[in-house]
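Chain by chain, the residues run as shown.
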There are 2 protein chains.
Amino acid sequence: MPNHSASDRLGRIFHAIADPTRRAIVERLVRGPAAVKALAEPLEMSLPGVMQHLQVLEDAGVIVTEKVGRVRSCRIEPAALREAEGWLGRQRTERERQLDQLDDYLKES
Amino acid sequence: MPNHSASDRLGRIFHAIADPTRRAIVERLVRGPAAVKALAEPLEMSLPGVMQHLQVLEDAGVIVTEKVGRVRSCRIEPAALREAEGWLGRQRTERERQLDQLDDYLKES
């Protein structure tokens, strides 16, 4: 993962998974690593098109690609998705905390 | 929220929170509703610039804005963030399930 600030990194992750093709790739890779060619097959897209999507996912740190011999293989890098889930979880927790405070206030008054 | 397909809606939500200014607005609104003017203050941005960001958040269903008299007020719409968190959670669960299966396979062999 390139050395970006935490906020910028989070932006790249959310941008990467904002695209339905890239989310389909993630949904495939959480089931296990796959070769680029195997990823491209169900996507009805040119190989260069798929490569571009993989590049966005790799730049965001969501996946890692590795070339072994003539085959480029991809796998998920779980830390990035965990970071995105963590930010969303913190927003939910904060909101629930605020609602609890409001609840306490209404009970007291 | 406009009537989009689930996948498109998820894309709009992730796109909306991919921007650091929009995430700052969400972080503020999970603490409670706020007027547009109050939201704009800490952002060091023109009011039209802030309004554009609010529009993206509203189109994605992440926030709701309401005009009461001369004041436009914003509040979080928790369902959208929950949907995004849900998708990320499903990817994590699927990955853990796959790792458990691999673990079982390795123990058996």
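Residues numbered from 1 in each chain as written. Chains lettered and ligands numbered in written order. Predicted model: local features only at pLDDT ≥ 70, side-chain atom pairs only at ≥ 80, totals over all residues. Heavy atoms only, no water.

Caption draft 1: Inspection of the packing of helix H2 (residues 20-29) of chain B against helix H4 (residues 47-59) of chain B at higher detail. All names here are of chain B. Between H2 and H4, the least distance of the axes is 10 Å, while the angle of their chain directions is 70°. When the axes of H2 and H4 are compared, the pair comes out roughly perpendicular. Along the contact surface, H2 presents Thr21, Arg22, Ile25 and Val26, while H4 presents His53, Leu54, Val56 and Leu57. (Axes fitted to C-alpha atoms, helices over the stretch in contact; angles between N-to-C directions. Helix = DSSP H or I, 4+ residues; strand = E, 2+ residues; numbered from the N terminus. Parallel < 35°, antiparallel > 145°, perpendicular 65-115°, else oblique. Contact = heavy atoms within 4.5 Å.)

Caption draft 2: Representation of the relation of the copies chain A and chain B within the structure. Overlay of chain A on chain B (RMSD 0.0 Å): rotation 180°, translation along the axis 0.0 Å. Put plainly, the chains are arranged around a two-fold axis. Most of the interface of chain A is mirrored in chain B: 100% of its interface residues are interface residues there too. (Least-squares fit on C-alpha atoms with pLDDT ≥ 70 in both.)

Caption draft 3: View of the pairing of strand S2 (residues 63-68) of chain A. Residue and element names in this part refer to chain A. Of the pairings in the sheet, the one linking S2 to strand S3 (residues 71-76) comprises six bridges and is antiparallel in character. Bridge pairing links Lys67 to Arg72 in S3. Hairpin remark: S2 followed by S3, antiparallel, with two residues in the connecting loop; positive phi at Gly69, about 65°. (Pairing = 2+ DSSP bridges.)

Caption draft 4: Molecular detail of unusual backbone geometry. All names here are of chain A. A positive phi angle, close to 50°, is found at Glu44, a residue other than glycine. Within the secondary structure layout, Glu44 lies in the loop between helix H3 (36-40) and helix H4 (47-59). Taking the relative accessible area as the measure of exposure, Glu44 reaches 78% and is therefore exposed. (Buried < 20%, exposed > 50% of the residue type's maximum accessible area, 1.4 Å probe, protein only.)

Caption draft 5: Expanded view of a nonpolar patch on the surface. A surface patch of nonpolar side chains, about 420 Å² in accessible area, is lined by Leu99(A), Leu102(A), Tyr105(A) and Leu106(A). With respect to the secondary-structure elements, Leu99(A) resides in helix H5 (residues 78-108). (Patch = residues over 30% accessible without salt bridge, like charges linked within 9 Å, V, L, I, M, F, W, Y side chains within 5 Å. Areas by Shrake-Rupley, 256 points an atom, 1.4 Å probe, with all protein chains shown as cover. Salt bridge = Lys/Arg side-chain N within 4 Å of Asp/Glu carboxyl O.)

Caption draft 6: The confidence of the model for chain A, seen in detail. Mean pLDDT for chain A: 91, with 94% of residues reaching 70 or above. Taken together, the chains of this predicted complex give a pTM of 0.89 and an interface ipTM of 0.89. (pLDDT = per-residue confidence, 0-100.)

Caption draft 7: Representation of the nonpolar core. Ranked by size, the top nonpolar core spans 56 residues in total, and within it Phe14(A), Val26(A), Val62(A), Phe14(B), Val26(B) and Val62(B) carry the most contacts. Excluding residues that lie within four positions of it along the chain, Val26(A) makes contacts with Ile17(A), Leu57(A), Val62(A), Ile76(A), Leu81(A), Trp87(B) and Gln91(B). (Core = buried A, V, L, I, M, F, W, Y, C linked by side-chain atoms within 4.5 Å.)

Caption draft 8: Seen up close, the pattern of salt bridges. Considering all chains together, one arrives at 14 salt bridges over all chains under this definition. The closest approach of N and O atoms between Arg92(B) and Glu85(A), which form a salt bridge, is 2.7 Å. With one member in each of two chains, Arg92(B) in helix H5 (residues 78-108) and Glu85(A) in helix H5 form a pair that bridges those chains. Arg92(B) sits in the partly exposed class, given a relative accessible area of 34%. Given a relative accessible area of 13%, Glu85(A) falls into the buried group.

Caption draft 9: Focus on the packing of aromatic side chains. Residues and elements named next belong to chain A. According to the stated counting rule, one finds three aromatic pairs over all chains in the structure shown. Between Phe14 and Trp87, the ring centres sit 5.9 Å apart and the planes meet at 70°, which makes this aromatic pair edge-to-face. Remark: Trp87 occurs in helix H5 and Phe14 occurs in helix H1 (residues 6-16); sequence separation between them is 73 residues. Assessed through its relative accessible area of 0%, Phe14 is described here as buried. (Phe/Tyr/Trp six-rings, centres within 6.5 Å; stacked < 30°, edge-to-face > 60°.)

Caption draft 10: Representation of the pairing of strand S3 (residues 71-76) of chain B. Summarising the sheet, strand S1 (residues 34-35) of chain B and S3(B) pair through two bridges and their orientation is antiparallel. Counted as the bridge partner of Ala35(B) is Ser73(B) from S3(B).

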